[in-house]
Each structure stands twice: as structure tokens, then as C-alpha cells.
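Each chain, letter by letter, is given below.
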Amino acid sequence: MSENQNIPAIEMRGVDVGAIHDLGLMVIEEVNWTVAPGEFWVVAGRQNSGKSDFLMTTAGLMAPLKGSYKFFGNETQLFDESRLADRLRLGFVFETPKLFHHLTIAENIALPLRYHRNLSDEAVNRETQTLLELMELTPFADNVPTYVSANWLKRAALARALILKPEVLLLDNPLGGLDARHSRWWLHFLDELCRGHEWPGKRPMTVAATTDDLRPWRNDARRFALLKDKQFSPLGSWNEVAAADEPVVKELLAASLEATI
């Protein structure tokens, strides 16, 4: 976790977000958002509301069109090579796994370690094996992605994002396309990471995820926000979400509210 707990992990002031496929097109305007270290945020919105664009900007993969974005107090536009140390404090999981199909699952997970850490093969293999076991991926370790189902590929992408033990984890629609059993696993595991999982040394991790379905995310420990009509609106706790009069929120809560964990 950050050395100074008074410094937000993420702080946006007046940020305009551009589109992934047209960087000059503004899709979200005047974002004001503060995320304290160790918080768990869920950013909800309809499809095409700009959730992926927003998360890519938060990850430093796209520069804000305007405004101030600070990552642990450091002004950030893009995480280029000069900002490598900061970039490695953040893990990102895309909506689709984006694994390398010529590498095995184990090799995909190990890749950031081999690229960014000067470790022996033995140390890399040891760290990779730990994550394979934690993600229940050991049976697929030597398979290439083509022969692994989508549920398990998403876990492999999560393992790859976690292998460097980041302080912040961003996830774009992580429950999308998962069956009920895998969704429950993800919700439980992400909560454990936020509280301080034993694997990275019980250090609480800052987590932010996007979704177009609020129902599975019911939990009083999480914070919520809504993307609608190019606006980013913090909603507060789950109780405030459930009581909101906003039509889009009600739409995203349309089915019966059942806790999944």
C-alpha cells in the first residue's frame, strides 16, 4: 500500500475522457473522483457509456483530454517508459483476456515477471506456480489458450495482472460472460484482495471494476459510481444505490436483488 495513507491512490479533477477508437472524441466530461488506498469501487453504466474508455484513462493507457489525474500523488498523463515504476504499481484486466495464443497459460502468466524482474527461472516458476494454484489453473498450465474455456482464460488474465503484486487493480467488466460458479469465485477473491489476501503479504489492494449489471456486486464494503450521458456520478454505498431514484440505476438493478456472496 502507499507509504502515505493520506495520498489518494487515484485522484481526478475536471478530467475529460476520450474514446478508445477516436482519441479526439470526448465520451465523459468533468470527472471528479477520489479513490483512497484499499477502497473497492464499482463503476456501472449501460453498454457504450464509456466504461472501457474511462478505465483505460485510469490505467494510464490513454491520456485525459483535459483535467488533472494523479496516481498516488503524481501527475499522470500516460504511463510511458519513463513512468515504468508507477505503471508497475497498477494491474489491468481487459474485458477479453488478450492472452498470447502461442504461449501456454503458465507462460502467459509468467511473462510480466520475465520482462520486468531480474529473477532466476526457478524464482519465476515458483511465483507462477503459486498463482496457478491460487487461481485453480494448474490443470491448464501447459495448454495454449485455444484449448482453454473462456471462464478459465479470464482467471489467467487476472493472474497475469497480479503476478507483479500491484497496489491497484483495474478490471473491465470482469464478470462478463462468466457462469454463476466463476462469478462467485471472482467476487469472493476480489474482496479478499481488497481486504488483504495472504498471497501478496496481506497488503490491502485498491480495486476498481466496471459493470453493466449491478446485481452481483451487492456488498456494503464497496463504493459505487454511475456513468450516464457523459457524466460520472458517485453513488455512495450499496444502500444508497438500492435507494436511488435514478432510472438507469433501477435498470441496472432490474432483476431480483440477491446477494451472490
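Reference entry: report on the structure contained in this document.

Each value, and the rule that gives it
Residues numbered from 1 in each chain as written. Predicted model: local features only at pLDDT ≥ 70, side-chain atom pairs only at ≥ 80, totals over all residues. Heavy atoms only, no water. Core = buried A, V, L, I, M, F, W, Y, C linked by side-chain atoms within 4.5 Å. Buried < 20%, exposed > 50% of the residue type's maximum accessible area, 1.4 Å probe, protein only. Contact = heavy atoms within 4.5 Å. Helix = DSSP H or I, 4+ residues; strand = E, 2+ residues; numbered from the N terminus. Axes fitted to C-alpha atoms, helices over the stretch in contact; angles between N-to-C directions. Parallel < 35°, antiparallel > 145°, perpendicular 65-115°, else oblique. Left-handed = near helix turned anticlockwise from the far one by under 90°. Nonpolar A, V, L, I, M, F, W, Y, C, P; charged D, E, K, R; others polar. Phe/Tyr/Trp six-rings, centres within 6.5 Å; stacked < 30°, edge-to-face > 60°. Lys NZ or Arg CZ within 6 Å of the ring centre and 35° of its normal.

Glancing now at the nonpolar core. With 56 residues, the main nonpolar core has L158 and L169 as its most contacted residues. When sequence neighbours within four positions are dropped, the list of residues in contact with L158 reads V93, M135, L169, L171, W185, W186 and F189. One finds V31, V43, L55 and A59 within the second-largest nonpolar core, a separate group that totals 30 residues.

Structurally, the position occupied by A243 is in the loop between α7 (238-242) and α8 (247-252). Its relative accessible area of 58% is what places A243 among the exposed residues. Expressed as a C-alpha distance, the spacing of A243 and L226, which sit 17 residues apart in the sequence, is 14 Å.

This part takes up the packing of helix α3 (residues 105-116) against helix α4 (residues 121-134). How two helices pack is summed up by the angle between their axes together with the distance between the axes. Between α3 and α4, the shortest axis-to-axis distance is 9 Å and the interhelical angle comes to 125 degrees. Judged on the interaxial angle alone, α4 and α3 are oblique. Note on packing geometry: the crossing formed by α3 with α4 is right-handed. Here I105, A106, I109, A110, L113 and R114 of α3 lie close against α4, whose contacting residues are D121, V124, N125, E127, T128, L131 and L132. For the contact of α3 with α4, the residue count by class is eight nonpolar, two polar and three charged.

A full pass over the atoms with the stated rule returns 11 aromatic pairs. Pairing W33 with F232 gives two aromatic rings, centres 5.5 Å apart and planes at 55 degrees, and the pair type is tilted. Taken together, the residues span a long stretch of sequence, with W33 in strand β2 (residues 22-35) and F232 in strand β10 (residues 231-236) at a distance of 199 residues. With respect to class, W33 is no different from F232; both count as buried. With a centroid separation of 4.6 Å and an interplanar angle of 65 degrees, the aromatic rings of F92 and F94 are classed as edge-to-face. A residue is classified by how much of its surface remains accessible, and F92, at 14% relative accessible area, is buried. A connected cluster of aromatic rings, assembled from ring pairs, spans W33, W41, F54 and F232. Just above the ring of F72 sits the side chain of R89; from NZ or CZ to the centre is 4.1 Å. Just above the ring of F40 sits the side chain of R222; from NZ or CZ to the centre is 5.0 Å.

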